[in-house]
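# Commentary on secondary and tertiary structure
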Amino acid sequence: MGLVRDLRLGAYAARVIRDTIEYMTGTERVLRVHSLLEAAYYIVVTPCAECRSGPLEAHAGQLDRTTHPGLLIMPTTCRACGVWCAFRFNTDHVCGEEGWPTDPLGTACEPAGNAPSSPVNRSEEPSEVIDVAGWLLLHTLLQERVSSLGAGALRVAERSARRRLQVQSAACLAEALKFYDPDNDLPPEEAFFTAESRRQFRARPELFARDRIIGLRARLPWSRGGQPAEQ
Ligand SMILES: [Zn+2]
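In every chain, residue numbers begin from 1 and rise along the written sequence. Per-residue local features of the predicted model are confined to residues with pLDDT of at least 70, and side-chain atom pairs are confined, for both listing and counting, to 80 or more; whole-chain, interface and lining totals are unaffected and use all residues.

### Concerning the overall build of the chain
Looking only at helices and strands, the chain has six helices and four strands in total. Numbering of helices and strands starts at the N terminus; helices are DSSP runs of H or I of at least 4 residues and strands are runs of E of at least 2. Secondary structure elements in the chain, listed N-terminal to C-terminal, are α-β-α-β-β-β-α-α-α-α.

Here is the structure:
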């Protein structure tokens, strides 16, 4: 009887989880991304829908890529309030066998070819999921990681991590710049996806000046061809 009960409970739990995923994801739009790094960055810059403050933790181990070709469902939990949420990503335009970047802002050494060293968006079109404010926030977060490494004599692995973070920072600024018209120093209205982003722009428009972002990017390792420069 104990085994039967356990099996029933297991099946029940599985159904609850499935129904929860369908319910939660059914209320969310499918987010079209250019890379899994862009998807991971999206989770970094998206606040918890419940408490509006906590950062979300992605559970790559529960990643579901089999439900529908090109559809990726990533479960997350809020580190502050613990609320569970899943995001649906359209990965039709993601190249090859990209792995989920488990530490998108991190300095941990990823296996060769893993996402943090992959281009976030090879195309010329701006992101559909992260707006200009989101890319600037990512640049700031990555630079904070660079600062945490310090400026002293670093071990080879730390120098490598530092350089990778700098290249990622430059890539985030390049993504921000994709929203701008060449003849306008401030971003257009459609560069902001949320009320919070628009509020940030109204509060500190100077932070969004195109010339400022170009100046920030010029200080980072980045060649004119759009590829990371060798150092
Ligand atoms: Zn929360």
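On we go from here.
### Things to note about the packing of helix 4 (residues 156–177) against helix 6 (residues 210–218)
Axis angles are defined between N-to-C directions and span 0 to 180 degrees, where every axis is a line fitted to C-alpha atoms and, for a helix, only to the segment in contact. The N-to-C vectors of helix 4 and helix 6 enclose an angle of 155°; their axes lie 9 Å apart at closest approach. The orientation of helix 4 relative to helix 6 falls into the category roughly antiparallel. At the point where helix 4 passes helix 6, the crossing takes the left-handed sense. The segment helix 4 lies against helix 6, with Ala-170, Leu-173, Ala-174, Ala-176 and Leu-177 engaging Arg-210, Ile-213, Leu-216 and Arg-217. When residues are grouped by polarity, Ala, Val, Leu, Ile, Met, Phe, Trp, Tyr, Cys and Pro land in nonpolar, Asp, Glu, Lys and Arg in charged, and all others, Gly among them, in polar. For the contact of helix 4 with helix 6, a count of residues per class yields seven nonpolar, no polar and two charged. An angle below 35 degrees is treated as roughly parallel, one above 145 as roughly antiparallel, one from 65 to 115 as roughly perpendicular, and anything else as oblique. By convention the crossing between two helices is left-handed if the near helix lies anticlockwise of the far one by an angle smaller than a right angle, and right-handed if it lies clockwise. For the purpose of contact definition, each residue receives a C-beta atom placed from its backbone, and two residues are in contact when these atoms lie within 7 Å.

### A few points about the sheet that holds strand 3 (residues 71–78)
Strand order across the open sheet formed by four strands is 1-4-3-2, with mixed pairing between neighbours. Sheet topology places strand 1 (30–32) and strand 2 (56–58) at the edges, where each strand pairs with a single neighbour. Each neighbouring strand pair of the sheet contributes to a mean axis angle of 40°, computed without reference to strand direction. Two elements, strand 3 and strand 4 (residues 84–90), share seven bridges in a ladder whose sense is antiparallel. Paired with Leu-71 across the bridge in strand 4 is Asn-90. For two strands to pair, DSSP has to find at least two bridges joining them.

### Observations regarding the environment of Ala-191
Mapping Ala-191 onto the fold places it in the loop between helix 4 and helix 5 (195–203). Accessibility expressed as a C-beta count within 10 Å gives 21 for Ala-191, which makes it buried. Spatially, the C-alpha atom of Ala-191 lies 8.9 Å from that of Pro-126, the residues being 65 residues apart in sequence. Setting aside residues up to four positions removed in sequence, Ala-191 forms contacts with Asp-131, Val-132 and Phe-179. Any residue with 12 or fewer other C-beta atoms within 10 Å of its own C-beta is exposed, any with 20 or more is buried, and the rest are partly exposed; the C-beta atoms used are placed from the backbone.

### So, unusual backbone geometry
Phi is positive for Arg-52, which is not a glycine, with a value near 65°. Along the chain, the position of Arg-52 falls in the loop between helix 2 (36–45) and strand 2. For Arg-52, a count of 11 C-beta atoms within 10 Å gives the class exposed.

### Quick word on the pairing of strand 3
Relative to strand 3, strand 2 is paired through three bridges, and the arrangement is antiparallel. When the sheet's bridge partners are listed, Leu-56 is paired in strand 3 with Cys-78. Count of turn residues in the strand 3/strand 4 antiparallel hairpin: five residues, of which Gly-82 carries a positive phi of about 80°.

### A few points about helix 3 (residues 132–149)
One fewer than the residue count of a helix, multiplied by 1.5 Å, yields its expected span. Along its 18 residues, helix 3 runs 26 Å from first to last C-alpha, staying within 8% of the 26 Å computed at 1.5 Å per residue. If you check which residues of helix 3 are buried, you get Val-132, Ala-133, Gly-134, Trp-135, Leu-136, Leu-138, His-139 and Leu-142. On the buried face of helix 3, the contacting elements are helix 2, helix 4 and helix 5. Count one or two residues on from helix 3 and you reach Gly-150, which has phi positive near 80°.

### A closer look at the confidence of the model for the chain
Residue-level confidence of the predictor, termed pLDDT, takes values from 0 up to 100. On average, residues of the chain carry a pLDDT of 81, and 74% of them reach 70 or more. Contacts of residues 109–116 to residues separated by more than four positions or lying in other chains number 18 contacts, the stretch itself having pLDDT below 50. This model gives residues 223–231 a pLDDT under 50, and the stretch forms eight contacts once residues within four places in sequence are excluded.

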